[in-house]
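# Structural description and commentary
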Amino acid sequence: QSSSSSSSLLCCRYNYAMSDFEPHQMNRNYCSGRVRIAFAGSWSTGKTYLLSALLGRQYSTAQSAPAPTTDKFVCVAAGSPYSDPIRSDDYERRRHCEIMEHVNDVVRKECGGKKGMANVLDVADDNVEFGDFVFFDMPGWQTEYGSDCVYRTFFHQLIDKVDYTYVVR
């Protein structure tokens, strides 16, 4: 690789879930070594259910209800010694979900300050089988999100930064 292209590179494979997404180059900082997989799709398609099935049980903040089970963007760092929201002093787990804060920084910049923040949650899970993975459970995509700067930008930025996006239909 030449020195001119060393500041940014396309280090992860992309699978775009929504229409109108453009590929972007990204900084090396996003290549953490863990595989990042986002679960995307419409409301009530089974994204949380599928992720819970992979983990062997519902992750600590998942809900079973007729209403949307995920009304926020959730980062699940597997291979942790506990299964709860990530503790503020757990820097090892927290660094695997730091992409969420970076994406919210972009959202704040593009959508107007503190009002421009998506609802996010970082969760640790003790499933060791997927210890090399970080999962992102996204809210169901709704047509009205297309006109909501915060959700539209967060969806776009997160999908752009993960290694794989699995679309649940």
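Residues numbered from 1 in each chain as written. Predicted model: local features only at pLDDT ≥ 70, side-chain atom pairs only at ≥ 80, totals over all residues. Heavy atoms only, no water.

### Notes on the packing of helix α3 (residues 98-111) against helix α4 (residues 149-161)
Running from N to C, α3 and α4 point in directions that differ by 140°, and their axes come no closer than 9 Å. Classified by the angle between their axes, α3 and α4 sit oblique to one another. In the packing of α3 onto α4, the handedness of the crossing is right-handed. Of the residues in α4, those in contact with I99, M100, H102, V103, N104, V106, V107, E110 and C111 of α3 are C149, V150, T153, F154, Q157, L158 and K161. For the contact of α3 with α4, a count of residues per class yields 10 nonpolar, 4 polar and 2 charged. (Axes fitted to C-alpha atoms, helices over the stretch in contact; angles between N-to-C directions. Helix = DSSP H or I, 4+ residues; strand = E, 2+ residues; numbered from the N terminus. Parallel < 35°, antiparallel > 145°, perpendicular 65-115°, else oblique. Left-handed = near helix turned anticlockwise from the far one by under 90°. Contact = heavy atoms within 4.5 Å. Nonpolar A, V, L, I, M, F, W, Y, C, P; charged D, E, K, R; others polar.)

### With respect to the packing of aromatic side chains
Summed over the entire model, instances satisfying the criterion amount to 9 aromatic pairs. Aromatic side chains F73 and F155 sit 5.0 Å apart centroid to centroid with 70° between the ring planes, which places their arrangement in the edge-to-face category. Taken together, the residues span a long stretch of sequence, with F73 in strand β2 (residues 73-77) and F155 in helix α4 at a distance of 82 residues. Judged by relative accessible area, which is 0%, F155 ranks as buried. One aromatic cluster is present, built from ring pairs that chain together F39, F130, F133, F135 and Y166. Positioned above the aromatic ring of Y82, the side-chain terminus of R87 is 3.6 Å from the ring centre. (Phe/Tyr/Trp six-rings, centres within 6.5 Å; stacked < 30°, edge-to-face > 60°. Buried < 20%, exposed > 50% of the residue type's maximum accessible area, 1.4 Å probe, protein only. Lys NZ or Arg CZ within 6 Å of the ring centre and 35° of its normal.)

### Observations concerning the pattern of salt bridges
When the charged atoms of two side chains with opposite charge come close together, those side chains can pair. In the structure shown here, the tally under the stated rule is 8 salt bridges. Taking the shortest distance from any N to any O, the salt bridge between D125 and R57 comes out at 2.8 Å. Of this pair, D125 sits in the loop between β4 (120-124) and β5 (133-137) while R57 sits in the loop between α1 (47-55) and β2, and the two are 68 residues apart along the sequence. Across the salt bridge formed by D122 and R94, the nearest N and O atoms sit 3.4 Å from each other. Taken together, the residues D122 in strand β4 and R94 in helix α2 (residues 91-96) connect sequence positions 28 residues apart. What makes D122 buried here is its relative accessible area of 16%. The class of R94 is partly exposed, set by a relative accessible area of 27%. The network of salt bridges with common partners includes R57, D125 and D126. (Salt bridge = Lys/Arg side-chain N within 4 Å of Asp/Glu carboxyl O.)

### Some words on the environment of D90
Following the sequence through the fold, D90 ends up in the loop between β3 (84-85) and α2. On the basis of relative accessible area, D90 is assigned to the buried category, the value being 10%. Residues D90 and A124 lie 34 residues apart in sequence; the distance between their C-alpha atoms is 9.6 Å. One polar contact links D90 to Y82, side chain to side chain, over a distance of 2.6 Å. (Polar contact = N/O pair within 3.5 Å; in protein donor to acceptor, adjacent residues only side chain to side chain.)

### Here we look at the state of the cysteines
Applying the stated criterion to the full structure yields 2 disulfides. Here C75 is linked by a disulfide to C97, with a sulfur-sulfur distance of 2.1 Å. Residues C75 and C97 are joined by a disulfide whose S-S torsion is about -80°; by sign, that bridge is left-handed. Note that C75 is positioned in strand β2 and C97 in the loop between α2 and α3, a separation of 22 residues in sequence. Accessibility classification places C75 together with C97 in one group, the buried group. Across a sulfur-sulfur distance of 2.0 Å, C111 and C149 are joined as a disulfide pair. Handedness of the C111-C149 disulfide follows from its S-S torsion of about -80°: it is left-handed. (Disulfide = S-S within 2.5 Å.)

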